[in-house]
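# Structure assessment
Chain residues, written in single-letter form:
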Amino acid sequence: MAAPPDPLQERLSRLPSVTEVDQHLREQGLPHGKAVRERVLGVLDQYRLRLRTGAAEGDAMTDRSTILAAIRDAVGQHAPRQLRRVINATGVVVHTNLGRAPLAPGLLDAARPQIEAYTNLEFDLETGRRGERGGRVPELLAWLAHTEQALVVNNNAAAVLLMLSALAKGGEVVVSRGELVEIGGSFRLPDIMREAGARLVEVGTTNRT
């Protein structure tokens, strides 16, 4: 004679498997796989513990939609911030916090063959040796600006630091008080000047120079 079914084991078997949860998170566009495995297991373990200790009874504890919702909340609360498309209604066309200016589709199409394959990014094909990472960008910038040479960096703080280090180290730099601002990421102009070895000379007022 077969043993009667164990109600606890029957309820535990209704809990979704890790594979099911992973597929659900993938369909919802949420982080999934190994990156959130510990959080998924943590939620499932909580449900198992509550069922085993009798803290919760009934089908509500094993309702699949309820469990998946709890897992989505746990994953979403600790997920790394994802980039999303937004509408720029600020009135500022080139907005630093919104990624500055969007790239034109034609530009992306032109760049796609280069970024989908290996390139001579930092390799001189003529000599077979390591080349300059900047490639033609400094040459083009120098041509546009009518300068002997040019250098491209990834933000204004780096540009100011390099410029002051090269041209004003040990000297004075005159700056309007209205321009003594944070450049971004907590970079302050006086701090950058000190790092470059330049002496800050403030002139004017905060609203007029």
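See the structure above.
Okay, so let's go over this structure.

Calculation criteria
- Residues numbered from 1 in each chain as written.
- Predicted model: local features only at pLDDT ≥ 70, side-chain atom pairs only at ≥ 80, totals over all residues.
- Heavy atoms only, no water.
- Helix = DSSP H or I, 4+ residues; strand = E, 2+ residues; numbered from the N terminus.
- Buried < 20%, exposed > 50% of the residue type's maximum accessible area, 1.4 Å probe, protein only.
- Contact = heavy atoms within 4.5 Å.
- Core = buried A, V, L, I, M, F, W, Y, C linked by side-chain atoms within 4.5 Å.
- Polar contact = N/O pair within 3.5 Å; in protein donor to acceptor, adjacent residues only side chain to side chain.
- Salt bridge = Lys/Arg side-chain N within 4 Å of Asp/Glu carboxyl O.
- Pairing = 2+ DSSP bridges.
- Patch = residues over 30% accessible without salt bridge, like charges linked within 9 Å, V, L, I, M, F, W, Y side chains within 5 Å.
- Areas by Shrake-Rupley, 256 points an atom, 1.4 Å probe, with all protein chains shown as cover.

In this section: the overall build of the protein. On a plain count of helices and strands, the protein comes out with eight helices and six strands. Sequence-ordered secondary structure for the protein, helices as α and strands as β, is α-α-α-α-α-β-β-α-α-β-β-β-α-β. Split into buried and exposed, the 209 residues of the protein put 18% on the buried side. Of the contacts made within the protein by residues no fewer than 6 positions apart, 57% connect residues no fewer than 24 positions apart.

Membership of the largest hydrophobic core comes to 15 residues, with the highest contact counts inside it found for Val 21, Leu 25, Val 40, Ile 67, Ile 71 and Val 75. Residue assignment for this core shows that the elements contributing at least two residues are helix 2 (18–27), helix 3 (37–52) and helix 4 (64–78). Excluding anything up to four places from it in sequence, Val 21 contacts Pro 16, Val 40, Leu 68 and Ile 71.

Turning our eyes to something else, we now look at the environment of Ser 176. Topologically, Ser 176 is positioned in strand 3 (residues 172–176). Setting aside chain neighbours within four positions, we find Ser 176 in contact with Val 203, Thr 205 and Thr 209. Within the structure, Ser 176 has its side chain in polar contact with the side chain of Thr 209 (distance 2.5 Å).

Turning our attention to unusual backbone geometry. Even without glycine at this site, Arg 100 takes up a positive phi of about 60 degrees. Owing to a relative accessible area of 43%, Arg 100 belongs among the partly exposed residues under this scheme. In this structure, His 146 takes a positive phi of about 55 degrees despite not being glycine. Considering the arrangement of structural elements, one finds His 146 in the loop between helix 6 (137–145) and helix 7 (156–167).

So, on to the pattern of salt bridges. The full count for this structure, using the stated rule, is seven salt bridges. Here Glu 202 and Arg 177 are joined by a salt bridge, their closest N and O atoms 3.0 Å apart. Residue Glu 202 is found in strand 6 (residues 199–203), and its partner Arg 177 is found in the loop between strand 3 and strand 4 (182–184); the two are separated by 25 residues along the sequence. You can call Arg 177 partly exposed: its relative accessible area is 35%. A network of salt bridges, in which partner residues are shared, links Asp 109, Arg 112 and Glu 116.

Turning our attention to the side chain of Asp 22. Within the element layout of this structure, Asp 22 appears in helix 2. On the accessibility criterion, Asp 22 (15% relative accessible area) is buried. Discounting residues that sit within four places of it in the chain, Asp 22 has contacts with His 32 and Gly 33.

The two faces of the sheet receive side chains in turn, since in a regular strand these alternate between them. Residue alternation in strand 3 divides its side chains into a buried set, Val 173 and Val 175, and an unburied set, Glu 172, Val 174 and Ser 176. The pairing of strand 3 with strand 6 spans five bridges and is classified as parallel. The residue of strand 6 that forms the bridge with Val 175 is Glu 202.

With respect to the element layout, Arg 194 can be found in helix 8 (residues 189–196). Judged by its relative accessible area of 58%, Arg 194 is exposed. Measuring from C-alpha to C-alpha, the distance between Arg 194 and Gly 170 comes to 9.9 Å, with 24 residues separating the pair along the chain.

Within the fold, His 24 resides in helix 2. Filtering out sequence-adjacent residues up to four positions away, His 24 remains in contact with Leu 68 and Arg 72.

Side chains of Leu 103, Leu 107 and Leu 108 sit close together on the surface and give an oily, nonpolar patch of about 290 Å² of accessible area. Secondary-structure assignment places Leu 103 in the loop between helix 4 and helix 5 (105–115). Leu 103 gets classed as exposed once you look at its relative accessible area, which sits at 55%.

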